[in-house]
Amino acid sequence: QVQLVESGGGLVQAGGSLRLSCAASGRTLSGYHIGWFRRAPVKERVFVAAITWSGGPTYADSVKGRFTISRDDAKNIVYLQMNSLKLEDTAVYYCAGDPRFFTRVGVSENEYSLWGQGTQVSVSS
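Residues numbered from 1 in each chain as written. Predicted model: local features only at pLDDT ≥ 70, side-chain atom pairs only at ≥ 80, totals over all residues. Heavy atoms only, no water.

Within the secondary structure layout, Glu111 lies in the loop between β9 (91–98) and β10 (114–115). Look at Glu111 and you get buried, because its relative accessible area is 18%. Only 3.2 Å separates the side chain of Glu111 from the backbone nitrogen of Val107, close enough to count as a polar contact. Setting aside residues no more than four positions away along its own chain, Glu111 makes contact with Asp98, Arg100, Arg104 and Gly106. (Helix = DSSP H or I, 4+ residues; strand = E, 2+ residues; numbered from the N terminus. Buried < 20%, exposed > 50% of the residue type's maximum accessible area, 1.4 Å probe, protein only. Polar contact = N/O pair within 3.5 Å; in protein donor to acceptor, adjacent residues only side chain to side chain. Contact = heavy atoms within 4.5 Å.)

See the structure below:
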């Protein structure tokens, strides 16, 4: 049974950077689409970024140009580099996996069957 574990969250000032990691245990992430979602306080969980099994990225408009998603299948890790952080980036960030490599990468949470427990990112002024 594959499990996803996020790390790298924390408290950062506006304009700063953080790098989140999504590590897999139990099997390789190779062949999985991986997505990042976030849930801000009293809001729904929303799409942030995703990367296909072959490395193609997709971003939400709100993070385009500031966040970069990448993967290292040799290390079984997917990264989310977050630069120029804003107050509105404060949320719990989740990584998710979709093993259906033969489909297009999803931007809806119901397209992902595997989820991590989340990591808190807090941006202060």
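With that out of the way, let us pick up the environment of Gly10. Residue placement: Gly10 occurs in strand β2 (residues 10–13). On the basis of relative accessibility, which here comes to 24%, the residue Gly10 falls in the partly exposed class. Sequence spacing of Gly10 and Glu109 is 99 residues, and the spatial spacing of their C-alpha atoms is 23 Å.

In this section: the packing of aromatic side chains. As enumerated under the stated definition, the model contains six aromatic pairs in all. On the basis of an interplanar angle of 75° and a centroid distance of 5.7 Å, the ring pair of Phe37 and Phe47 is categorised as edge-to-face. Taken as a pair, Phe37 in strand β4 (residues 33–39) and Phe47 in strand β5 (residues 45–51) lie far apart in primary sequence, 10 residues in all. Residue Phe37 is classed as buried on the basis of its relative accessible area of 1%. Geometrically, the ring pair formed by Phe37 and Trp115 is tilted, given 5.2 Å between the ring centres and 55° between the ring planes. (Phe/Tyr/Trp six-rings, centres within 6.5 Å; stacked < 30°, edge-to-face > 60°.)

Grouped together as the largest cluster of nonpolar side chains are 36 residues, with contacts concentrated most on Trp36, Leu80, Met82 and Tyr93. Contributing elements (two or more residues each) for this core: β3 (18–25), β4, β5, β7 (67–72), β8 (77–82), β9 and β11 (119–124). Top element by residues in this core is β5. It accounts for five residues. Residues contacting Tyr93, with those up to four places away along its chain left out, are Glu6, Leu20, Trp36, Phe37, Arg38, Val48, Phe67, Leu80, Met82, Gly118, Thr119 and Val121. (Core = buried A, V, L, I, M, F, W, Y, C linked by side-chain atoms within 4.5 Å.)

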